[in-house]
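Analysis of the macromolecular model
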Amino acid sequence: MSPNIHNALFENLNIDAKYEAIQIAKGQLREEIPSLLGRGCRGFNVTIPHKVDIISLLDELDPLAERIGAVNTVLVNNHKLIGYNTDGPGFLESLKQFDKLNINDAKVLIIGSGGAARAIVMTLAMNGGAKLTIANRTLSKAQELLMHSKTSGRAITLDEAESCLAQYDVIINTTSIGMSPQRDKTPLKLQNVKKDAYVCDIIYNPLQTLLLEEAKAKGCYVQNGVPMFIRQAALAFKLWTGRNPDLNQMNNIVYQNMLKK
Ligand code: NAP
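Within each chain, residue numbers correspond to sequence positions counted from 1 in written order. With the structure being a predicted model, the display of local features is reserved for residues of pLDDT at least 70 and the display and counting of side-chain atom pairs for 80 or more, all residues being used for whole-chain, interface and lining totals. The side-chain numbers reported here are obtained from all heavy atoms of the structure, hydrogens and water having been left aside.

**A closer look at the nonpolar core**
What counts is decided by this rule: Residue types Ala, Val, Leu, Ile, Met, Phe, Trp, Tyr and Cys, when buried and joined through side-chain atoms within 4.5 Å, form a set referred to as a nonpolar core. With a 1.4 Å probe rolled over the protein chains alone, any residue whose accessible area is under 20% of its type maximum counts as buried; one over 50% counts as exposed, and the rest are partly exposed. Secondary structure follows DSSP: runs of H or I at least 4 residues long count as helices, runs of E at least 2 residues long count as strands, and numbering of each begins at the N terminus. Contacts: residue pairs with any heavy atoms within 4.5 Å of one another.
If you look at the biggest cluster of nonpolar residues, it comprises 30 residues, and the most contacted ones within it are I103, V108, L124 and I172. Secondary structure elements with two or more residues in this core: α3 (63-68), α4 (87-94), β5 (107-111), α5 (115-127), β6 (131-135), α6 (139-149), β8 (170-173) and β9 (198-201). With 6 residues, the top contributor of residues to this core is α5. Once residues within four sequence positions are removed from consideration, V108 is found in contact with I103, L124, A130, K131, L132, T133, Y168, V170 and I172. Among the nonpolar cores identified, the runner-up in size contains 20 residues, and Y84, L207, A234 and M258 belong to it.

Structure, rendered in structure tokens:
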């Protein structure tokens, strides 16, 4: 979806540029970068499995990306490669859609401890204020992530999270449960959720996971992964071009693509 989004934005803003998807095998990044630069590349995104490997090839690393330990966006500036992570800030920005939510006053439960959770936890920790609890199938990974975040939160199991769910104002699913082939599953049961809690699922395919369906039925405010996805792309676009893209246009492109599937 990223080429569709960025190329439409370039066209809309009359920017003479092209965003291409290139497949690079793990371990091949170092060999491929000179050819990218030789073709006049001004920036790029990196995704799995390169988000950590890219760091050793950069000239500069943004402090948040350093704390997250992963890079998804690279800016090429005077032949220097500068690495950023826009996933966490993209998620934080997406919370502004909930106009009554003050994240800095909220008790937040993050479900999962993988790459996306890491970006979100470190961003929320650096933003300050929010009280964080991390729940994960593998408790040791939640404990490690909490320690790394240097916040005074808690790391708990999914069962514990289920039983104390009523404590949380914001619940964020960062696991892949809810995506194919686990579309008929939720990471935890919502019987104890607060009626006015904010439930976010960063999955955007499907647009509505079973978790969001159940949360909506309980009266919670819900958000899927599209707002995060378009905001991480918008922040990358701003780094490369200095321009703020049209979030509505980006949103429409994502929905058109998803509804075609
Ligand atoms: P990851 O690093 O592989 O982490 C996966 C997480 O899911 C781990 O915490 C893992 O727990 C948990 N998990 C997986 N299967 C499970 C199961 N059957 N039961 C319980 N827990 C399970 O993946 P990631 O890169 O963080 O991505 C996670 C999701 O976020 C994906 O669906 C991805 O599409 C989405 N995402 C969305 C955006 C966006 O912009 N909206 C951006 C990035 C990622 P263990 O630690 O116990 O293995």
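Structure's up, so let's keep going.
**Describing the sheet that holds strand β3 (residues 73-77)**
Hydrogen bonds along the backbone pair up the strands of a sheet, which may run parallel or antiparallel. The condition is simple: Strand pairing is assigned whenever DSSP detects at least two bridges linking the two strands. The axes used here are C-alpha line fits, helices contributing only the stretch in contact, and every angle between their N-to-C directions lies in the interval 0 to 180 degrees.
The 4 strands lie next to each other as β1-β3-β4-β2, forming an open sheet whose pairing is mixed. Each end of this open sheet is capped by a strand with a single partner; those strands are β1 (43-45) and β2 (60-61). Here β2 runs beside strand β4 (residues 80-84); their pairing, made up of 2 bridges, is parallel. Within the sheet, the bridge partner assigned to E60 lies in β4 and is I82. Against the sheet, helix α9 (residues 226-241) makes contact with β1, β3 and β4, and its axis sits at roughly 5° relative to β3, the strand it touches most.

**Comments concerning the packing of aromatic side chains**
Note the following rule: Aromatic pairs are defined between Phe, Tyr and Trp rings, using the six-membered ring for Trp, whenever the two ring centres lie within 6.5 Å; interplanar angles under 30 degrees are classed as stacked, those over 60 as edge-to-face, and all others as tilted.
Tallying each qualifying case throughout the model produces 5 aromatic pairs. One aromatic cluster is present, formed by F98, Y198 and Y221 through successive ring pairs.

**Observations concerning the packing of α4 against α9**
The description of two helices packed together rests on the angle between their axes and the distance between the axes. As a reminder of what qualifies: The labels follow the angle: roughly parallel below 35 degrees, roughly antiparallel above 145, roughly perpendicular from 65 to 115, and oblique for the rest. Each helix crossing is assigned a hand: it is left-handed if the near helix lies turned anticlockwise from the far helix by less than a right angle, otherwise right-handed if that turn is clockwise.
For the pair α4 and α9, interaxial distance at closest approach is 7 Å and the crossing angle is 125°. Classed by the angle they form, the pair α4 and α9 counts as oblique. Considering the relative orientation of α4 and α9, their crossing is right-handed. Each of D87, P89, G90, F91, E93 and S94 in α4 lies in contact with α9, whose residues at this interface are P227, M228, R231, Q232 and L235.

**Some words on the pattern of salt bridges**
Just so we agree on the cut-off: Every case where a carboxyl oxygen of Asp or Glu lies within 4 Å of a side-chain nitrogen of Lys or Arg is listed as a salt bridge.
Considering all chains together, one arrives at 6 salt bridges under this definition. For R118, the salt bridge identified is with E144, shortest N-O distance 3.6 Å. Taken together, the residues span a long stretch of sequence, with R118 in helix α5 and E144 in helix α6 at a distance of 26 residues. Looking at R118, the relative accessible area reads 22%, which means it is partly exposed. On the basis of relative accessibility, which here comes to 39%, the residue E144 falls in the partly exposed class.

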